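# Descriptive structure summary
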Amino acid sequence: MIKPLVKNILVAVDGSQSSIHAAMYGIIFAKQNRCALKFVYVVDTATLKRLTIGKFLAQDESLDFETNLHADGEKYLNYVMELAKKKGLKAESELREGSVWVEVCKSADAFGANLILLGGHPSRYSVTGKAGNESALFSRTSKDIILNARCSSLVVYEPKIEELFKML
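What comes next concerns the included structure.

Each value, and the rule that gives it
Residues numbered from 1 in each chain as written. Predicted model: local features only at pLDDT ≥ 70, side-chain atom pairs only at ≥ 80, totals over all residues. Heavy atoms only, no water. Helix = DSSP H or I, 4+ residues; strand = E, 2+ residues; numbered from the N terminus. Contact = heavy atoms within 4.5 Å. Areas by Shrake-Rupley, 256 points an atom, 1.4 Å probe, with all protein chains shown as cover. Axes fitted to C-alpha atoms, helices over the stretch in contact; angles between N-to-C directions. Parallel < 35°, antiparallel > 145°, perpendicular 65-115°, else oblique. Left-handed = near helix turned anticlockwise from the far one by under 90°. Nonpolar A, V, L, I, M, F, W, Y, C, P; charged D, E, K, R; others polar. Salt bridge = Lys/Arg side-chain N within 4 Å of Asp/Glu carboxyl O. Buried < 20%, exposed > 50% of the residue type's maximum accessible area, 1.4 Å probe, protein only. Phe/Tyr/Trp six-rings, centres within 6.5 Å; stacked < 30°, edge-to-face > 60°. Lys NZ or Arg CZ within 6 Å of the ring centre and 35° of its normal.

What follows concerns the overall build of the chain. Within the chain, the regular secondary structure consists of six helices and five strands. When its helices and strands are written in sequence order, the chain yields β-α-β-α-α-β-α-β-α-β-α. Within the chain, contacts between residues separated by at least 24 positions form 75% of all contacts whose residues are at least 6 apart in sequence. Accessible area for the chain stands at about 10,000 Å²; split by element, carbon and sulfur atoms hold 54% of it.

Encoded structure:
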């Protein structure tokens, strides 16, 4: 008999609505398929370091941003953990620092993830890899995760995810 394809799901959370929707999707998927679930938020210290070295940010500004990003990360992780708890699902969470795609991939490897869930919307992505409007950074990050992960990745777009989540 073939083993299940997915046992461990990692959800990349960045605080965007699409990543919260990916978390909801992950909670539904994990509950229906009896999978382990982990949420990860990465404080992008790599970009902060580049901005500081390039003199776009002063050192004290960079530290303030980093502190705020840590607080945001804790807030978003607590929120998705509470969503999982409300649906009777145990999950893990992790706050990491560094380059987002690198840390998501490292976290997935350490967790033994078979699937990484990323938030997305079809109108924001194109075959050429060019993203529209405000999603450019996350799109590049998603692309890097997809290209470098050692497991399958899924860009989640489920228009009725909030309704489905309420029915669970």
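So, about the packing of helix α1 (residues 17-33) against helix α3 (residues 59-86). Axis separation between α1 and α3 bottoms out at 10 Å; the angle between their running directions is 30 degrees. Looking at the two axes, α1 sits roughly parallel to α3. As for the relative orientation of α1 and α3, their crossing is right-handed in sense. Here α1 contributes Ile20, Ala23, Met24 and Ile27 to the contact with α3, which in turn contributes Tyr79, Val80, Leu83 and Ala84. Grouping the constituent residues of the contact of α1 with α3 by class yields eight nonpolar, no polar and no charged.

So, about the pattern of salt bridges. Under the definition given, this model contains five salt bridges. Note that Asp109 is salt-bridged to Arg150, the shortest N-O span being 3.4 Å. Note that Asp109 is positioned in helix α4 (residues 100-111) and Arg150 in the loop between α5 (136-148) and β5 (152-156), a separation of 41 residues in sequence. On the accessibility criterion, Asp109 (38% relative accessible area) is partly exposed. Several salt bridges share partner residues, and in doing so they unite Lys38, Glu94, Arg96, Glu103 and Lys106 into one network.

With that settled, consider the packing of aromatic side chains. Aromatic ring pairs are reported here in terms of the distance separating the ring centres and the angle at which the planes meet. Under the criterion given, the structure shown has one aromatic pair. Between Lys87 and the ring centre of Phe165, over which it is positioned, the NZ or CZ distance is 4.8 Å.

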